[in-house]
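Overview (structure and organization)
Spelled out, the chains give:
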Amino acid sequence: MADLTDALIDAALERGRSAHANEPRAAKARYDRSSARVIVDLENGCTFAFPPRLAQGLEGASDDQLCAVEILGQGYGLHWENLDVDLSLPGLMAGIFGTKAWMAKHAEPPPSPAKDVWSSLPRR
C-alpha cells in the first residue's frame, strides 16, 4: 500500500474543492404532478427537469411515490426511500438514466434516415 503523504492529501482535497465548485449540485428537488417531471433546482441557479418514465426504478412509480424525492449527500444524488432508488445528478444531466444494460434495453430506436432532399432536386 502506498504511503499517504501530505501532498496526496492536499491533491485529494483540491480535487474535492474543484468538484464541489464545478459539478452540478441539487439545492431542492420535487416532483411536479402537472408537468409529470422531477424538477431539480441547482445551487448555481439553474433548473434541471426530467420525466421519471425515463429513469430506472421510477418508470412505474405513482405520483405519491415520486413526491417523496430527497437529495443525497452534498447534492450529487436523488433518493426515493420508498422505491429504493438512487440516481446520480451528474449522470442524469449527462443523459444516463440507469445502468448500461437498462439503458440499452430501453433506448428508443434510432430515427429513420432523413430523405436526402438534395438528391431529389432537378439537376442543371
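Along each chain, residue indices are assigned from 1 in the same order as the chain's sequence is written. Confidence filtering applies because this is a predicted model: local features only for residues at pLDDT of at least 70, side-chain atom pairs given and counted only at 80 or more, and all residues used for totals across whole chains, interfaces and linings. For the side-chain quantities, the full set of heavy atoms in the structure was used; hydrogens and water were omitted.

1. Structural notes on the sheet that holds strand E6 (residues 85–88)
What counts is decided by this rule: Being paired, for any two strands, means DSSP has found at least two bridges between them. Strands here mean DSSP runs of E at least two residues long; helices mean DSSP runs of H or I at least four residues long; both are numbered from the N terminus. Comment: axis = line fitted to C-alpha atoms, over the contacting stretch for helices; angle = value between 0 and 180 degrees taken between N-to-C directions.
Ordered in space as E4-E5-E6, the three strands form an open sheet in which the pairing is antiparallel. Each end of this open sheet is capped by a strand with a single partner; those strands are strand E4 (69–72) and E6. Direction aside, the axes of adjacent strands within the sheet are offset by 25 degrees on average.

2. Considerations on a nonpolar patch on the surface
Counted only if it meets this: By definition, no residue in a patch forms a salt bridge, and every one has over 30% relative accessible area; like charges are joined within 9 Å, nonpolar side chains (Val, Leu, Ile, Met, Phe, Trp, Tyr) within 5 Å. Accessible surface is estimated by sampling points in the Shrake-Rupley manner with a 1.4 Å probe; for residues, cover comes only from the protein chains shown. By convention in these notes, a salt bridge is any Lys or Arg side-chain nitrogen within 4 Å of a carboxyl oxygen on Asp or Glu.
Taken together, the side chains of Leu4, Leu8, Ile9 and Leu13 define a hydrophobic patch exposed on the protein surface, amounting to about 390 Å² of accessible area. Tracing the backbone shows Ile9 in helix H1 (residues 6–22).

3. Observations regarding the environment of Val40
How we decide: Residues are treated as being in contact if the distance between any of their heavy atoms lies within 4.5 Å.
As for its placement among the helices and strands, Val40 is situated in strand E2 (residues 37–42). The spatial distance from the C-alpha of Val40 to the C-alpha of Leu89 is 8.9 Å, given a sequence separation of 49 residues. If sequence neighbours within four positions are ignored, Val40 has contacts with Ala26, Lys28, Ala29, Cys46, Thr47, Phe48, Leu78 and Leu89.

4. Quick look at the nonpolar core
Basically, it comes down to this: As used here, the term nonpolar core means buried Ala, Val, Leu, Ile, Met, Phe, Trp, Tyr and Cys residues forming a set that is joined through side-chain atoms within 4.5 Å. Type-normalised accessible area, obtained with a 1.4 Å probe on protein chains alone, sets the label of each residue: buried when under 20%, exposed when over 50%, and partly exposed for intermediate values.
Counting residues in hydrophobic clusters, the biggest one holds 20 residues, and the most contacted among them are Phe50, Leu58, Leu78 and Trp80. Within the residue set of this core, elements represented by two or more residues are strand E1 (26–32), E2, strand E3 (47–50), strand E5 (77–80), E6 and helix H3 (89–93). With three residues, E2 is the largest single contributor of residues to this core. Residue contacts for Leu58: discarding those within four places in its chain leaves Phe50, Pro52, Leu66, Trp80, Leu83, Val85 and Leu87.

5. Section: the sheet that holds E3
What the three strands build is an open sheet, ordered E1-E2-E3; its pairing is antiparallel. Edge positions in the open sheet fall to E1 and E3, since each of these has one partner strand only. If you compare each strand with its neighbour and ignore which way they point, the axes differ by 15 degrees on average. As judged from the four bridges shared by E2 and E3, these two strands associate in the antiparallel manner. From the neighbouring strand, Val38 faces E3, where its bridge partner is Phe50.

6. Observations concerning a negative patch on the surface
Let me state the cut-off plainly: None of His or the chain ends enter the tally, which takes Lys and Arg as positive and Asp and Glu as negative. Positions of charges follow a simple convention, taking NZ of Lys, CZ of Arg, CG of Asp or CD of Glu.
Together, Glu70, Glu81, Asp84 and Asp86 give the surface a local cluster of negative charge. With respect to the secondary-structure elements, Glu70 resides in strand E4. Given a relative accessible area of 41%, Glu70 falls into the partly exposed group.

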